[in-house]
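A look at the structure
Here's the letter readout for the chains.
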Amino acid sequence: QVQLVESGGGLVQPGGSLRLSCAASGSGFSISTMSWYRQAPGKQRELVARITSGGSTNYADSVKGRFTISRDNAKNSVYLQMNSLKPEDTAVYYCNSQRVGRSSWGQGTQVTVSS
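Fair warning: this is a prediction, and the values are worked out from it, not measured in the lab.

Overall, antiparallel pairing links the four strands, which are arranged 1-3-8-7 in an open sheet. With one partner strand each, in any of the chains shown, strand 1 (3-7) and strand 7 (67-72) form the two edges of the open sheet. The mean inter-strand angle of the sheet, taken between neighbouring strand axes irrespective of direction, is 15°. Pairing of strand 3 (residues 18-25) with strand 8 (residues 77-82) involves six bridges; the strand directions are antiparallel. Considered in strand 8, the bridge of Cys22 is made with Val78.

This is the structure we're talking about:
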């Protein structure tokens, strides 16, 4: 089974930056679609960014131009570079791995954007 562990969250001021990391263990990382989701209190979990095994990316409209998802297959890791952070970006961010017949989630990492 794939195990995912997120890190890099924390408290940052508006306009600041954070880089989230997701380390995967297990087989199949290189052929998995990797995504970052987030969930704020009282809101539904939403897709933030996605990167396929071939490197194609997609972003939520709310983060386009500010966030960048990337992956390093040699390290079995996926990253989310978050720039120009806004208070509305405050949420628990989750890493997700998906391939045929399997979907895995990390435990989440808290991102708080506040003065």
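Picking up after the structure, the text goes on.
This part takes up the environment of Val92. Within the fold, Val92 resides in strand 9 (residues 91-99). For Val92, a relative accessible area of 21% translates into the label partly exposed. Counting along the chain gives 20 residues from Val92 to Thr112, while the straight-line C-alpha distance between them is 8.5 Å.

This part covers the pattern of salt bridges. Here the structure, examined in full by the defined rule, presents four salt bridges. As a salt-bridge pair, Glu46 and Arg38 come within 2.7 Å of each other at their nearest N and O atoms. For Arg38, a relative accessible area of 5% gives the class buried. Where Asp61 meets Lys64, a salt bridge forms, and the shortest distance between an N and an O atom there is 3.0 Å. A network of salt bridges, in which partner residues are shared, links Arg38, Glu46, Arg66 and Asp89.

Next up on the list: the state of the cysteines. As enumerated under the stated definition, the model contains one disulfide in all. Between Cys22 and Cys95 runs a disulfide, and the two sulfur atoms are separated by 2.1 Å. One disulfide, between Cys22 and Cys95, carries an S-S torsion of -85° and so falls in the left-handed class. Taken as a pair, Cys22 in strand 3 and Cys95 in strand 9 lie far apart in primary sequence, 73 residues in all. Like Cys95, Cys22 is buried.

Rules used throughout
- Residues numbered from 1 in each chain as written.
- Predicted model: local features only at pLDDT ≥ 70, side-chain atom pairs only at ≥ 80, totals over all residues.
- Heavy atoms only, no water.
- Pairing = 2+ DSSP bridges.
- Helix = DSSP H or I, 4+ residues; strand = E, 2+ residues; numbered from the N terminus.
- Axes fitted to C-alpha atoms, helices over the stretch in contact; angles between N-to-C directions.
- Buried < 20%, exposed > 50% of the residue type's maximum accessible area, 1.4 Å probe, protein only.
- Salt bridge = Lys/Arg side-chain N within 4 Å of Asp/Glu carboxyl O.
- Disulfide = S-S within 2.5 Å.

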